[in-house]
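Below are the chains, spelled out letter by letter.
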Amino acid sequence: MKNFNKNQCKICKSIDLVIVDHTAKCRSCGVLLYYPYPTQKKPPKVDFKLWYGQSFEKNIKNFTNIILYAADKSKVNKELRVLDYGGASGQFALIFKSLFPVSKVYLVDIVDESLFKEFRPMNKQIKFSNFEKDRTKFDLIFLNDVYEHVEDPIQLLSTLRKKLNPSGIIFVDTPKQFWIYPFFNTIFKPIYKKILKGTVSKSHLQIWSNKSFEKSVKLSKLKIKRIDFLSELTMDTDIYLKQMGLDFLLLKLLVRIISQPLIFTFKNKIYAVLEK
């Protein structure tokens, strides 16, 4: 567990922080942080079958999209070395090898036990404790909904940069703040606090702004090769409302109805390809 200066933004080191409940918003780079910085040494225990099982169906489309976004389709018959960092259940390898069948997919996760036995044959697992000293180099590294979870994002990217082959790339997709954050912060603070409760936690340590994300990449000595901002809900709206403490049937029905026409305005997801 890294000891960050509690008076500074852990991304840009600014001391201009706005504290609201369990969060800090950096006025300089715009990142929204879980605050005070947590001191837990291990991730919370979860029921892996239950947690990841809720997203398996959505993952098929999501994994296909990110693979086609990041990977060079002309190399479909080449033996690429691919790292699924923070790969959890290992489902990603099933989709990747469907599209790039001769590739080798490696997996590392802070919880080694999260790899499902059903997906084990498709993954070459590297134990988390052995990862830094492992000498394997990769053509592609995927951080799929991982960058918001890690304690020290800049250090992670710096480590992964050293794991790349000379022409290798890193794909990152991660949530970013969008219009509902400033909108409700301005017009109705209680709802803004509910949004913070539902999106920032000990599991989701930072929600990015464009500026803070670009800053983190630059500080890790990587470059952005390609970046886009997409509208995407990685979970059903019912789950977000439950995390916000708003688990009411009528409200859930209303949000389901109004979220569909509005979702295209969110631009709440960063898709980025990074290179040395």
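Just so it is clear, the structure is predicted and the values come from calculations on it, not from any experiment.

A. Main features of the nonpolar core. If you look at the biggest cluster of nonpolar residues, it comprises 38 residues, and the most contacted ones within it are Cys9, Leu83, Tyr85, Leu143, Leu160 and Ile170. Going through the elements one at a time, strand 2 (23–26), strand 4 (81–85), strand 5 (104–108), strand 7 (138–144), helix 4 (153–161), strand 8 (164–175), helix 7 (210–219) and strand 11 (269–275) are the ones with two or more residues in this core. Here this core takes 4 residues from helix 4, the largest share from any one element. Not counting residues up to four positions away in its chain, the partners in contact with Tyr85 are Val108, Phe128, Phe131, Ile141, Phe142, Leu143, Val146, Leu156 and Leu160.

B. Up close: unusual backbone geometry. Each neighbour pair has its own omega, and for Tyr35 with Pro36 the value is -5 degrees, a cis peptide bond. Position of Pro36 relative to the elements: it lies in the loop between strand 3 (32–34) and helix 1 (48–53). Even without being a glycine, Asp21 presents a positive backbone phi close to 55 degrees. Mapped onto the fold, Asp21 is located in the loop between strand 1 (17–20) and strand 2. One non-glycine residue, Asp145, lies in the positive phi region at around 50 degrees. When you line up the elements, Asp145 lands in the loop between strand 7 and helix 4. With a relative accessible area of 18%, Asp145 lands in the buried category.

C. Local environment of the side chain of Lys176. Locating Lys176 in the fold gives a position in the loop between strand 8 and helix 5 (180–187). Summary of buried charges: Lys176 has no salt-bridge partner, and the nearest side chain of opposite charge, Glu214, is 10 Å away. Among the polar contacts listed, one links the side chain of Lys176 to the backbone oxygen of Lys267, at a separation of 3.1 Å.

D. Looking closely at the packing of helix 2 (residues 56–70) against helix 3 (residues 91–99). Running from N to C, helix 2 and helix 3 cross one another at 50 degrees; their axes reach a closest spacing of 9 Å. As summarised for this structure, helix 2 and helix 3 are arranged oblique, according to the angle between their axes. Classified by chirality, the crossing of helix 3 by helix 2 is right-handed. For the pair helix 2 and helix 3, contact is made by Phe56, Asn59, Ile60, Phe63, Thr64, Ile66, Ile67 and Leu68 and by Gln91, Phe92, Ile95, Phe96 and Leu99, respectively. Of the residues that constitute the contact of helix 2 with helix 3, the class distribution is 10 nonpolar, 3 polar and no charged.

Cut-offs and rules
- Residues numbered from 1 in each chain as written.
- Predicted model: local features only at pLDDT ≥ 70, side-chain atom pairs only at ≥ 80, totals over all residues.
- Heavy atoms only, no water.
- Core = buried A, V, L, I, M, F, W, Y, C linked by side-chain atoms within 4.5 Å.
- Buried < 20%, exposed > 50% of the residue type's maximum accessible area, 1.4 Å probe, protein only.
- Helix = DSSP H or I, 4+ residues; strand = E, 2+ residues; numbered from the N terminus.
- Contact = heavy atoms within 4.5 Å.
- Lys, Arg positive; Asp, Glu negative; His and termini not counted.
- Salt bridge = Lys/Arg side-chain N within 4 Å of Asp/Glu carboxyl O.
- Polar contact = N/O pair within 3.5 Å; in protein donor to acceptor, adjacent residues only side chain to side chain.
- Axes fitted to C-alpha atoms, helices over the stretch in contact; angles between N-to-C directions.
- Parallel < 35°, antiparallel > 145°, perpendicular 65-115°, else oblique.
- Left-handed = near helix turned anticlockwise from the far one by under 90°.
- Nonpolar A, V, L, I, M, F, W, Y, C, P; charged D, E, K, R; others polar.

Function cannot be inferred from these measures alone, as they are strictly geometric.
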